[in-house]
Amino acid sequence: MATVTDVGVGEVSRPVGAKFNSPKRFVAYFSMEIALQNAMPSYSGGLGILAGDTVRAAADIRLPMVAVSLLYRKGYFSQRLAEDGTQTEEPVQWRVGDFLTEEGARVTVPLEGRRIELRGWRYTVKGVRGFEVPVYFLDADLPANAEADRNLTGSLYGGDAYYRLCQEVLLGIGGVRMLRALGYNDLTRYHMNEGHAALLSLELLGEEAEMAGRTSIRGEDIQKVRSKCIFTTHTPVPAGHDRFPMEYLTRVFPDQNGFFDLKDASSVDLVKRVLQAERNFPDLQEAARAGASLNMTYLALSLSTYVNGVAKLHGETSRKMFPQVPIEAITNGVHAATWASPAFQELFDRCIPSWREDNYSLRGALGLPPEEVWASHLIAKHELFETVRKKTGLSLDPEAFTIGFARRATGYKRADLILSDLDRLRQIAKGAGKFQIVYAGKAHPHDGGGKDIIRRIFHAKKALRKSVPMVFLDEYNMEVGGQITSGVDLWLNTPQYPLEASGTSGMKAALNGVPSLSILDGWWVEGHIEGITGWSIGEPRLPGSVTVDTNNASEAQSLYYKLENIILPMFYKERARFLSVMQHAIAINGSFFNTQRMVQQYITDAYLR
């Protein structure tokens, strides 16, 4: 928690004579993970990929943004898979100095009465027109800190809940202090990418109170901070919303019992909302003794002037989860120039030369020569199959229809839905046409169910080896993800409705002319035009209609029917029609579901409001 009484010059320092180049910025973007390079293990999956794509788009459109995250010296983890699919994890080894530039500024953050020293490492993202957006990674691995404190920037999502809370203290409070130390004093918007960064709002509250000459927070401070903060929630899954016992908070901040003026009505109301409490507490220690907990999502919701979900449907779901808060929707996107394969980049550069500066011009993909679209696709397919051969020793058939599924391995994503009936898959392959499946994805180290799914896929792979070739690529990362989304013929997505917030892997596929076969959830509700951009699994659920429970068996049958009777016959017997679907995937979905459009929408809807 921000300390009102010591947020001042004593908290930041610069070496004598040091100068920092901090061109005028007005948006600070905070994310627990940001993916910028494949060899930098600073992300676990979709949230980090989205953050990296957001920063790239900001640089492309010359948005004066600065971004903040934590440095993970051990990364997320390296995935190892045994012959039966059992996943084990190993730390990632990487050399920070090979990718990042160390800044001279130092800040300290209070933790259990100690002072944790932080430094910042800079990565500069350069946009298509040369504009630069700096990204600062916070690092506690300094000699001044105790060993346990140095390890707080060790692993992404590592350790227990208390370790995670301490990491979020460093990100939120330490991040604001680092920006101040680097000279970013003109920021007017603070964008929290998920609730992990919510504690930055407490640091801003502390700054406001200190400027007013007070030692506790009142309503006017809350109003000022709320006007500066933007919050994007990404998940309808309860596990994605961090909750910490107040006992943890009072342990981390033992001297902050009076941080909120609980004689002030606005402060009382804020505390009750973020603790989801019916009663008033005289102080934070009493809240801890009563067993209250801090919900980081409610903290961010309560201190933001604009809140959004990441797809239209997710916005509706979020409003049901948090009915007291107005929640808008800005549908996610992907960075087009990052996720278009080299072959498609070359084709777009030649035929749609403005596509990098203006992603919407990709609508011109309808005018591309179909044979060149197919040739570019075959190049991407060859590159994927070469990676498959190197990783697994298996040579896939380049003429065979190839299905891709690469996502985090967890229960609600249902990676094994297509494997519900192996005999049916054999019949489809025999009667409608050969097909093969490429899988990839990591399970969280503590997600036993996700690990079981990988083992079931390996079991099915063995059972189907004579009729439906399957591979599961280990060490799912940006490079592997890019090759799969561009190199397969069909993107499969089978989340359990309505648990898909958005999903961006299908957007990457669409950029490369790969249509989707997907449950109508997340972004696909907006991107799906049956038989034009791809195909749906199951029936659509209309807004306001009675909720229908998920039926795995019926959805598997829908998947099999579309594959057997529509998609495979079109691929093998009506290639021109299939190519038309590929081109519409680029022209309709690739031109819209990108971070260039997304960031422009944030500017008009959130940053400038």
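Coordinates for the structure precede this section.
Residues numbered from 1 in each chain as written. Predicted model: local features only at pLDDT ≥ 70, side-chain atom pairs only at ≥ 80, totals over all residues. Heavy atoms only, no water.

*Asks:* Can you lay out unusual backbone geometry for me, pointing to particular residues and giving the numbers?
*Replies:* Residues tyrosine 497 and proline 498 are joined by a peptide bond in cis, for which omega reads 0°. Summarising the element assignment, proline 498 is placed in the loop between β18 (490–493) and α17 (505–511). In this structure, glutamate 112 takes a positive phi of about 55° despite not being glycine. With respect to the helices, strands and loops of the structure, glutamate 112 is situated in the loop between β6 (101–111) and β7 (114–126). Residue glutamate 112 is classed as partly exposed on the basis of its relative accessible area, which comes to 28%. (Helix = DSSP H or I, 4+ residues; strand = E, 2+ residues; numbered from the N terminus. Buried < 20%, exposed > 50% of the residue type's maximum accessible area, 1.4 Å probe, protein only.)

*Asks:* Now, about the packing of aromatic side chains: what can you tell me, with residues and values included?
*Replies:* Inspection of every chain in the model, using the stated rule, returns 23 aromatic pairs. Through successive ring pairs, a cluster of aromatic residues spans Trp374, Phe401, Trp535, Phe571, Tyr572 and Phe578. Seen from the ring of tyrosine 162, arginine 251 lies directly overhead, with NZ or CZ sitting 3.7 Å from the centre. A cation sits over an aromatic face here: arginine 575 above phenylalanine 571, 4.2 Å from the ring centre. (Phe/Tyr/Trp six-rings, centres within 6.5 Å; stacked < 30°, edge-to-face > 60°. Lys NZ or Arg CZ within 6 Å of the ring centre and 35° of its normal.)

*Asks:* Tell me about the nonpolar core, and please be specific about residues and values.
*Replies:* In this structure, Phe30, Val169, Leu179, Leu200, Leu205, Met246 and Leu275 are the most contacted members of the largest nonpolar core, which totals 80 residues. With 12 residues, helix α3 (residues 161–181) is the largest single contributor of residues to this core. Beyond its immediate chain neighbours, meaning those up to four positions away, phenylalanine 30 contacts Val68, Leu171, Gly172, Gly175, Val176, Leu179, Tyr190, His191, Met192, Asn193, Ala197 and Leu200. Core analysis: the next-biggest nonpolar cluster, separate from the first, contains 70 residues, Ala432, Leu511, Leu517 and Ala587 among them. (Core = buried A, V, L, I, M, F, W, Y, C linked by side-chain atoms within 4.5 Å. Contact = heavy atoms within 4.5 Å.)

*Asks:* Mind laying out the sheet that holds strand β15 (residues 401–406), listing which residues take part and the relevant values?
*Replies:* A sheet is described by the order of its strands in space; here six strands give the open sequence β17-β16-β15-β18-β19-β20, paired in parallel fashion. This sheet does not close on itself; its edge strands, each paired only once, are β17 (470–473) and β20 (534–537). Strand-to-strand twist of the sheet, defined as the mean angle between neighbouring strand axes without regard to direction, takes the value 20°. Here strand β16 (residues 435–440) runs beside β17; their pairing, made up of four bridges, is parallel. Its bridge partner being in β17, tyrosine 439 is matched across the sheet by phenylalanine 472. Packed onto the sheet, helix α13 (residues 370–392) meets β15, β16 and β17 and runs at close to 80° relative to β17. (Pairing = 2+ DSSP bridges. Axes fitted to C-alpha atoms, helices over the stretch in contact; angles between N-to-C directions.)

*Asks:* Any chance you could break down the pattern of salt bridges for me, citing the residues and the numbers?
*Replies:* Counting across every chain of the model gives 45 salt bridges. Between lysine 442 and glutamate 475 there is a salt bridge whose closest N-O contact spans 4.0 Å. With a gap of 33 residues between them, lysine 442 in the loop between β16 and α15 (448–463) and glutamate 475 in the loop between β17 and α16 (478–487) connect regions that are remote in the sequence. Where salt bridges share partners, they join Arg73, Glu102, Arg106, Glu117, Arg119, Asp139, Asp141 and Arg150 into one cluster. (Salt bridge = Lys/Arg side-chain N within 4 Å of Asp/Glu carboxyl O.)

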